[in-house]
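What follows is each chain in one-letter form.
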Amino acid sequence: MSGPVFQEEILGYRDKFARLRLLDATLREGEQTPGVSFTIDQKIDIAKKLDELGVHMIEAGHPAVAPDVKEAVSRIAAMKRDGEIRAEIVAHSRAVKSDIDVAADVEPDRIAIFYGVSDIHLKSKHRKSREEALQIIGEMVEYAKSYGVKVRFTAEDASRADVEYLEEVVRTARDAGADRVSLADTVGVLTPWTAKRFFEHMVQRVPNVEYDIHVHNDLGMAVATAFGAVMGGATVVHVTVNGLGERVGIVPLQTFAVAVKVHFDVDLVNLSKLMEITRMVERYSGLEVPYNAPVIGDYAFIHKAGVHVAGILADPRTYEAFPPELIGRSRDYVIDKYTGKKAVKAKLEKLGIRLSDDELLKVLEEIKRSNVKFLTDDTLVTIAEKVTGRVLKPRVTENLEAIVWIKVDSNAFTSSVARKLSSIEGVREVAEITGDYDLLVKVVSPDHAFLNSVLDSIRNVKGVESTHTQIVLKKIEK
């Protein structure tokens, strides 16, 4: 066997992934994230961007929850009817007639009814017997179907339900008119291999219905579990942008879509637009993507260790599962005590400076002694000049100084923006302040061209809403 380990076995499932569809639940499940509440206009923006991305279904919300939720779902459904959106629009609903009536009123393509089916849910939440639950499920699916819409039934906590009883549940929903059934791993206890067996069993035992997988990330296995479910027969995976959702969320859209591309060369969505939706939802939710998040985190393509940097300089495939250009990103590397000679050489040559091997080794030794967390280009040149005793990059004797007043977007964390600004070359001080502005930044520059580049870098930092710059004309020293 050649190529990656067991790649031939993996590729045996390619057809299943090629037929797979994504349901994005950012507007419903995503808004259940603690602290997240989208405005109606924000939901419209997200729905448009999701459709532009190419997701197949948009779960627009649970209309009976609140008037603004109903308004948002209604407007999104109207956009679908007017041809502005291609994705199927889904309205969420409890298995209650009043909820179904409200959902039907917004005229979605599909109503998704959910009901807990594990003994834990039946006893502690619904306080119904198994037989009573079956009757409710059948009646409510049939009632929703009478509105002339497609119906999906979600078996909440299906992964902890008695399997034989779950078979009865799915048959009941199917026979009442549901063409899709979502098996929910509500607390994220499935594993990739149990998910595969679970869906294989259900597809075999209760055919003639399509299956969704809705899996939570409580144990950090949501993406892998979704893979197992698809291998077992699920044809729709529920995702959210940035992995938002109840507690720690569900399957992250970006990670899952890229993983499917890497393993099966299947484009579930337009991958080049992933970062656009990432930033939009990050801004609207007020929740920053962790720096070390797979695929979309700031550090996803930043290399540090000397061996790693040497590898990516020779061939990026040595330490990258896929090229960052696939999703419109680029790679970089850190210069610090872990740096190797090749990284220093490449960074200096990028700055137009060439040193001998002996000089490079001396620069590297000086870097390791400095023990700084992150070396700016300017500091690196200073070290190189100290080691060689030569002026390697001409400098203007008098620096320009500027004070930049910054307003931070209300959905961004001021401290996080401050940290990012402090790493920009030329930025000497960053202070959080009170008043009309949120941050005060001191910039020192050798010339106007460099100052402009620093200001551009500041404005491009995520979370910076606006800036006001003042040049220091004269200082009085005591």
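In every chain, residue numbers begin from 1 and rise along the written sequence. Local features in a predicted model are, by the rule used here, given only for residues with pLDDT of at least 70; side-chain atom pairs are given and counted only at 80 or more, and totals for whole chains, interfaces and linings are based on all residues. Side-chain measures were taken over the full set of non-hydrogen atoms in the model, leaving aside hydrogen atoms and water.

J.: What is the right way to read the environment of Arg197 from this model?
T.: You can see Arg197 is positioned in helix H9 (residues 192–205). Under the scheme applied here, a residue whose accessible area is under 20% of the maximum for its type counts as buried, over 50% as exposed, and between as partly exposed, the area being computed with a 1.4 Å probe on protein chains only. Looking at Arg197, the relative accessible area reads 61%, which means it is exposed. Expressed as a C-alpha distance, the spacing of Arg197 and Ala72, which sit 125 residues apart in the sequence, is 38 Å. The numbering of helices and of strands both runs from the N terminus, where a helix is a DSSP run of H or I of at least 4 residues and a strand a run of E of at least 2.

J.: Is there a simple way to think about the UniProt feature "active site" (unreviewed entry) in the protein in this case?
T.: What UniProt calls "active site" (unreviewed entry) maps, in this numbering, to His308. Tracing the backbone shows His308 in helix H13 (residues 306–314). Its relative accessible area of 33% is what places His308 among the partly exposed residues. UniProt positions are given in the numbering used here, feature names are shortened, and annotations may be inferred rather than shown by experiment.

J.: Can you help me understand helix H11 (residues 253–264) in this one?
T.: Residues three or four positions apart in an α-helix share a direction because the helix packs 3.6 residues into each turn. Here the expected span of a helix is defined as 1.5 Å times the quantity of residues minus one. For H11, which comprises 12 residues, the first-to-last C-alpha distance of 16 Å matches the rise-based estimate of 16 Å (1.5 Å per residue) to within 8%. For H11, a buried count of 10 out of 12 residues is recorded, marking the element as mostly surrounded by other parts of the structure. Listed in full, the buried residues belonging to H11 are Leu253, Gln254, Thr255, Phe256, Ala257, Val258, Ala259, Val260, Lys261 and Phe264. Just downstream of H11, Asp265 is the residue with a positive phi angle, here 55 degrees.

J.: Is there a simple way to explain the packing of aromatic side chains in this structure?
T.: Each Phe, Tyr or Trp ring, with Trp reduced to its six-membered ring, pairs with another whose centre is within 6.5 Å; inter-plane angles below 30 degrees give stacked pairs, above 60 give edge-to-face pairs, and intermediate values give tilted ones. A full pass over the atoms with the stated rule returns 10 aromatic pairs. Here the aromatic rings of Phe227 and Phe256 are separated by 5.3 Å at their centres, their planes lie at 70 degrees, and the arrangement is edge-to-face. With Phe227 in helix H10 (residues 222–232) and Phe256 in helix H11, the pair connects residues that are 29 residues apart, well separated along the chain. Phe256 carries the same exposure label as Phe227, and that label is buried. An aromatic cluster of at least three residues, connected via ring pairs, comprises Phe17, Phe227, Phe256 and Phe264. Whether a charge lies above a ring is judged from NZ of Lys or CZ of Arg, which has to be within 6 Å of the ring centre and within 35 degrees of the ring normal. Seen from the ring of Tyr333, Lys347 lies directly overhead, with NZ or CZ sitting 5.0 Å from the centre. One Lys or Arg, Lys407, reaches over the ring of Tyr437 and ends 5.7 Å from the middle of that ring.

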